[in-house]
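Given next are the chains, with one letter for each unit.
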Amino acid sequence: MNNNLSELTVVIVTYKTNVDILKNCLNSIDTNIKTLVIENSNNFKKKKEIEDQFFNVKILCTGLNLGMGPGNNFGLKQVSTKYALILNPDIVCSENFFLNIKKYLQGNIDFSIIGSVYEEYTNYKPAGFFDNRDLKNAKFLYEFNLHEVDWIAGHTLLINLNKFKEKKIFDENFFLFFEELDLCKSVRNRNEKVYMSDLLKVNHLGWKGSFAADKNYEIESIKLRNWHYMWSLFYYNKKNYGYLFALKKTLSRLLRSILRIIYYSIRFDKKGVTIYTYRFLGLINSIFLKKSNFRINFEN
């Protein structure tokens, strides 16, 4: 086993994820790397099939749906290597991803977190700055093909665990959304380095990593995403910039949700009503300092 890769563990958090989507992710991971699949429920139905097919993979069940941040914390507690690579299950790593990642495991670059870029064009940003500067303004380290940034997308995170006192690196108040932004904010507050690598390329299916990929649960997925997006938006801003800032940042969204509920109700648009009802509920719960406790319960 390559000495560099022996210091890396992959952590993948799932929740009733489509097994073919997960296999696509696992097939893109170098088989020399220990990989932990953390299932956010009490049962992973294809456990034997996956572990028989992928000898480097171990599946652990948390017992309940913890969410992305707490689920990754659960996995990181099992990691004994110097570095961890957090992947969403709907990520497919490029052919040279793990050949290139060795460059960052040699101890020659001081970093806390390194993120990836998209192999194919997408409207989503892979990284950015808290002051919304353009990525072209990022300091570029030519030797390592790294752009120094403030935050990176959370679907692919190479984490230098030596930079963290505890393995519980994500704020567990988040269930969905803004976990990685909050993590990067805390890292930058310590004047530590966050980078985006041009060498680490991935394909991201987007919202295919859990039951959201199942058409039978489209409405449940809409409720969960919209509730938690708005809850997390307020909580993130309150935590990092203060309550009044968060209120000012989100008040227009609260009013917009109310108007949209009325508008879509008049049009008998059930989906539109659902989206903005759950945005309103998530935001109002966060404003009143309620926990992010909304869940979808179902059997699959």
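Notes on the structure follow.

Conventions we followed
- Residues numbered from 1 in each chain as written.
- Predicted model: local features only at pLDDT ≥ 70, side-chain atom pairs only at ≥ 80, totals over all residues.
- Heavy atoms only, no water.
- Helix = DSSP H or I, 4+ residues; strand = E, 2+ residues; numbered from the N terminus.
- Expected span 1.5 Å × (residues − 1).
- Buried < 20%, exposed > 50% of the residue type's maximum accessible area, 1.4 Å probe, protein only.
- Contact = heavy atoms within 4.5 Å.
- Polar contact = N/O pair within 3.5 Å; in protein donor to acceptor, adjacent residues only side chain to side chain.
- Core = buried A, V, L, I, M, F, W, Y, C linked by side-chain atoms within 4.5 Å.
- Pairing = 2+ DSSP bridges.
- Right-handed = clockwise from strand over helix to strand, strands pointing away.
- Phe/Tyr/Trp six-rings, centres within 6.5 Å; stacked < 30°, edge-to-face > 60°.

### Side note on helix α8 (residues 270–287)
Between its first and last C-alpha atoms α8 spans 26 Å; for 18 residues at 1.5 Å apiece the expected length is 26 Å, and the two agree. Within the span of α8, buried status applies to Gly272, Thr274, Ile275, Tyr276, Tyr278, Gly282, Leu283, Ser286 and Ile287. On the buried face of α8, the contacting elements are α6 (218–241) and α7 (243–266). A side-chain oxygen of the first residue of α8 lies 3.3 Å from the backbone nitrogen of Lys271; this N-cap is Asp269. Immediately downstream of α8, the backbone of Leu289 shows phi near 65°, a positive value.

### Details of the nonpolar core
In this structure, Leu76, Ile113 and Ile152 are the most contacted members of the largest nonpolar core, which totals 48 residues. Element by element, the count of residues in this core is highest for α6, at 8 residues. Beyond its immediate sequence surroundings of up to four residues, Leu76 is in contact with Val11, Ala84, Ile86, Leu161, Lys167, Ile169 and Phe170.

### Things to note about helix α1 (residues 19–27)
For α1, every residue scored as buried is listed here: Val19, Ile21, Leu22, Lys23, Cys25 and Leu26. Here the buried face of α1 lies against β1 (8–14), β2 (34–39), α2 (47–53), β3 (57–61), β4 (83–87) and β5 (91–93). Its side-chain oxygen 2.9 Å from the backbone nitrogen of Asp20, Asn18 forms the N-cap of α1.

### Description of the side chain of Ser257
Within the secondary structure, Ser257 sits in helix α7. Non-local contacts of Ser257, meaning those with residues more than four positions away in its chain, are made with Tyr276, Arg279 and Phe280.

### Considering the environment of Lys23
Considering the arrangement of structural elements, one finds Lys23 in helix α1. A relative accessible area of 14% places Lys23 in the buried class. A C-alpha to C-alpha distance of 9.6 Å links Lys23 and Val92, two positions 69 residues apart in sequence. Those residues in contact with Lys23 that sit more than four places away from it in its chain are Glu49, Ile50, Gln53 and Phe54.

### Focus on the environment of Val57
Mapped onto the elements, Val57 comes out in strand β3. Each C-alpha atom of the pair Val57 and Phe111 lies 27 Å from the other, and the pair is 54 residues apart in sequence. Other than its neighbours up to four places away in sequence, Val57 contacts Leu26, Thr35, Val37, Ile50 and Glu51.

### Some thoughts on the pairing of β2
With 5 of 6 residues buried, β2 lies mostly within the body of the structure. Bridge analysis of β1 against β2 gives 6 bridges, and the strand direction is parallel. Following the sheet pairing, Ile12 is matched in β2 by Val37. Where the polypeptide runs from β1 across α1 and back to β2, its parallel neighbour, the crossover connection is right-handed. As paired elements, β2 and β3 share 5 bridges and run parallel to each other. Along β3, the bridge assignment pairs Glu39 with Cys61. Considered for its hand, the β-α-β crossover made up of β2, α2 and β3 is right-handed.

### Some thoughts on the packing of aromatic side chains
Applying the stated rule across the entire model yields 15 aromatic pairs. Measuring from centroid to centroid gives 5.3 Å for Phe234 and Tyr243, while their planes differ by 80°, and the two rings are edge-to-face. Among the residues examined, Phe234 registers a relative accessible area of 0% and is labelled buried. Taken together, the ring pairs in this structure connect Phe177, Phe178, Tyr229, Tyr236, Tyr241 and Phe245 into an aromatic cluster.

Note that every value here comes from positions in space, so none of it alone points to a role or purpose.
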